[in-house]
Amino acid sequence: FLFPVWWGIPATNDDSSEMAIVAKLNLVDLAGSERVKDSEVGGQDLKDACSINLSLFHLAGVVQALIKKEACIPYKNDTLCFLLKDALGGNCLTTLVACVSPAQLHAAESLSTLGFAAACSRLQNKTKRNVRALTHNRPLGAKAPAAAKPPRPDPLPWEGVVAGDPTRCPGGRITLGTPYGALSALRYGHQDPGKPLAVLLHGHPSCAEGCYGHWGLIPALVFCGFQVVALDMPGRGESKGTQLKSRSEYNLDKNGACDVVVEVIKQLKARSALWVGYDWGAGIGLSAATSKQHRRFVDRVVAFHPSFQEQKPGDLKTVGCPVQVLWCKQDQFHNWTKWKPLAAALKASLGPKRYAEFIFDEPQWGTFGWSRHARQVERRVVQFLTGSDYGALPDKVHDRPNEDRVTTENRRVTQRANVVVLGDPQGPAAGDEIFRAADPQREAVATFASAYRDRRLPALYQAFCSGGDQKSATAALFGALPELSLESLADPCALVELGLWPRPPGGWHALQQTPRYFPGRQVLVQLPGVIPTVNSPDFMTLAGPASADATERYTTFKARLASPPACASEAAPDGPRPVWVEVAGAGGGSRVVPVSRAELERLNQPHALPKTPGAPHELRLEDGIRCNYKAPLTKAKMCEIALALGPIAAQLDFDAEAAAIEALQLQAIRTVRGALDLTTFQRDPAGVAQIDAARSRDRTRYCGDDAARFAVRGQGHCHTVSSVMFAFLRPFAGPLGLDVKYRGGFTFYKTEVVTKVANAPEMHQWLEISTRPSGTSYTCDLYAEDGPTGGRGYYLAAKVEETYEDYMYPNGIVKLFSGQHGKVVPARPQDYAEGL
């Protein structure tokens, strides 16, 4: 049966409102389908059963049509379908209760009911609030009542605050002495060194007071906790100096607009700032965000009607900081249609988490400009900066009254009804927490981080691996932690969202657009004619074609990428355009030779190790070792490493000087090694394990084939320790700007009688790590570091020109891992610098 209930409430707090919110409640009891041959009904009951089955048949057809999104939905095929039109695909919130029986006798009917319920669960209704005008009988010719005014939202927290208010927005005009002249600025907010800085940049022709003095953006930013500085550019407003050119192509000139703003940030003793701009000022912010020299001073950009054009196609793809674009479509001085493709490029590059826009209409722009939308602009800017929407209408919560009732046992009770919420929750308004489900991963990370800070992790690992009273609780905690794998850490923001890192490395997104291969970078190449004689002064240099070893190919590190010569004297290999490499020559000098791109990438691209068939989350390593990133112990060790790397990531800025970046990257490598409780088997020259307990086989460290157990407490030779280090470093390599390669090869010592290196047999394994953006390569040899001459961290990050000269030779073979070949990560077009 269908039992409709209609009700309405006033659309405003005024009971005399002519508008009402109207809703309808339908209670529908669907009869179940009946198998006539089983029930053996007849007469009128048979007719009723057939009608019910036919209605349910048409109803299933409607559901299937909605799922397939067909153009015509057959609601009119049956009266029941027509009555349920609102519930299925209409403006309705629908709940379906499926009643099934646990009896085996009715299994077929239960399965049919569950199938129908599953199909209905795939439907999605688009609902909106029903606001209708109330109808009244009025005399013929009488005037209709005036339309009700929309409800006025509550005032914004900063609304009515005037810049200069001594308590809520203190400040005034200041003057800064700079190399560009005495610059005047409006400075507001409490001058606390810990507060972030917001720099407001005016348009052309204008000044700080003319652009920001007539509306509430400055009080809004002070409310958000910023120190606000609205700057008069040189020669504008009250600032001295020569006026700058206001077109965006001049913003990055030496002593241009971006340099001026950076100087102001430095004068205010801030590391970086939020750049808010209108027109020319918005273009300055975007120009700085695209510049490698300036982007480290940019935290975020708020661009209102930006006057900006890309100097080279794809400039905006190098922007890595969050950006908000504000635009009035009808503004006659700023054409949204022309700028829309640039906004789309920003959105595609940054993604929905780091790009926001507020594009609005003002049909009466000629009369009002965009001033009628100033309140909404302030609200959207604050929402972009804080994540809180202070302008959302609050939900109205009504408590039902308590009622005295009598139970079926004739006892008097007080019925306490639940709370009814009128209206949908909007954003982070008060009370929204009750609609948010708890995030078990973040809760587990918080508990795990507390144990990490209290140095309780060794006890938890012991409980997990050895058993005991705490094993089940520890296993539950480890299992609730997030999976940290190469795929899940494709963007370091994931670590920030989980609470494992305080912030992502600065300039990381822009780093993804920088080349891996550029003129001057040191690379490995495998060529015929490379001299393999260890004690020769020409070791690893390129001899002439007449060399005795000209037919054997050896891998040399004494090579750097070069620009193509004006007249190539040597034949280029077949296939795509080669790259040119300058190789040190025997007896001094160098030779420039062509190398195919495939060969260059084979030896220098980061490595991807094979996965277990059918288990894409499990890495296959040497000697049958496997690393399952979904396993609880692996999750725990990965989270421990993430927490240890957090302070390094907070300092890492890929727009800083190369030496500062590399120092932090090498510190990160040593930090990952320090988190692994992993020792090695060290043998004497005869190949016998040493008697020293610290260097002999420790049976308590046996770990089978589980990389996580090796990381918690393990022992192995060079294959094992290199595999485990690779498994736990590789997922963090992308966020840290590292290219990790798994190497194998020949070991030699110049004090021994070794005539030359060889490509086979393989005698040793290690990792080779290249830092970005510098392209400098280091070897990471855990076995040597754990040996008699190690222990100082040198072998964990030693330059290849030292180790490959002194005791190791890379054979250049992409290795087999547990029977499967490793691969190199495919190169992208942007990995090659222009001119190669």
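What counts, and at which threshold
- Residues numbered from 1 in each chain as written.
- Predicted model: local features only at pLDDT ≥ 70, side-chain atom pairs only at ≥ 80, totals over all residues.
- Heavy atoms only, no water.
- Helix = DSSP H or I, 4+ residues; strand = E, 2+ residues; numbered from the N terminus.
- Buried < 20%, exposed > 50% of the residue type's maximum accessible area, 1.4 Å probe, protein only.
- Contact = heavy atoms within 4.5 Å.
- Areas by Shrake-Rupley, 256 points an atom, 1.4 Å probe, with all protein chains shown as cover.
- Salt bridge = Lys/Arg side-chain N within 4 Å of Asp/Glu carboxyl O.
- Phe/Tyr/Trp six-rings, centres within 6.5 Å; stacked < 30°, edge-to-face > 60°.
- Lys NZ or Arg CZ within 6 Å of the ring centre and 35° of its normal.
- Pairing = 2+ DSSP bridges.
- pLDDT = per-residue confidence, 0-100.

Novice: Run through the overall build of the protein chain, naming residues and quoting values.
Specialist: Of the regular secondary structure elements, the protein chain holds 23 helices and 33 strands. Burial statistics for the protein chain: of 836 residues in total, 45% are counted as buried. Across the protein chain, the fraction of contacts at a sequence separation of at least 24, relative to all contacts at a separation of at least 6, is 64%. Carbon and sulfur atoms provide 54% of the accessible area of the protein chain, an area that totals close to 42900 Å².

Novice: How would you sum up the pattern of salt bridges? Please name residues and give values.
Specialist: Under the defined criterion, the tally for this structure stands at 24 salt bridges. The closest approach of N and O atoms between R173 and E238, which form a salt bridge, is 3.6 Å. Here R173 is found in strand β4 (residues 171-178), whereas its partner E238 is found in the loop between β7 (227-231) and α7 (257-267), with 65 residues between them in sequence. K353 is paired through a salt bridge with E497; the nearest N and O atoms lie 2.8 Å apart. With K353 in the loop between α9 (336-350) and β11 (355-360) and E497 in helix α15 (residues 493-497), the pair connects residues that are 144 residues apart, well separated along the chain. On the basis of relative accessible area, K353 is assigned to the exposed category, the value being 66%.

Novice: Which residues make up unusual backbone geometry, and what are the values?
Specialist: Residue P761 is bonded to the preceding A760 through a cis peptide linkage, with omega at 0°. Looking at where P761 falls in the secondary structure, it is placed in the loop between β26 (738-747) and β27 (764-771). In the segment running from R772 into P773, the intervening peptide bond is cis, with an omega of 10°. Among the secondary structure elements, P773 is positioned in the loop between β27 and β28 (777-780). Even without being a glycine, R455 presents a positive backbone phi close to 60°. Structurally, the position occupied by R455 is in the loop between α12 (440-453) and α13 (457-466). Of note, the phi angle at D623 is positive, near 60°, even though the residue is not glycine. Mapped onto the fold, D623 is located in the loop between β22 (615-620) and β23 (626-628).

Novice: How would you sum up the packing of aromatic side chains? Please name residues and give values.
Specialist: Enumeration according to the criterion identifies 22 aromatic pairs in this entry. Summarising the aromatic geometry, the rings of Y517 and Y832 are spaced 5.2 Å apart at their centres and angled 35° between planes, so their arrangement reads as tilted. Taken as a pair, Y517 in the loop between α16 (508-511) and β16 (522-528) and Y832 in the segment after β33 (823-824) lie far apart in primary sequence, 315 residues in all. Residue class for Y832 comes out buried when judged on its relative accessible area of 12%. Stacked on the ring of F384, the Lys or Arg R300 has its end atom at 5.2 Å from the ring centre. One residue, R372, lies across the ring of F368, its end atom 4.1 Å from the ring centre.

Novice: Give me the pairing of strand β9 (residues 298-304): which residues, what numbers.
Specialist: The buried count for β9 comes to 5 of 7 residues, which makes it a mostly enclosed element. Where strand β8 (residues 273-278) meets β9, 6 bridges bridge the pair, whose relative direction is parallel. Looking at β9, one finds that G277 is bridged to A303. With 4 bridges joining them, β9 and strand β10 (residues 323-328) adopt parallel strand pairing. Bridge pairing in β10 links V301 to V323.

Novice: Give me the confidence of the model for the protein chain: which residues, what numbers.
Specialist: Averaged over all residues, the pLDDT of the protein chain equals 84, while 84% of them reach at least 70. Of the regions scoring below 50 in pLDDT, residues 419-436 engages in 29 contacts with residues more than four places distant in sequence or in other chains. Predicted confidence for residues 569-573 stays below pLDDT 50, and this span has 11 contacts to residues more than four positions away or in other chains.

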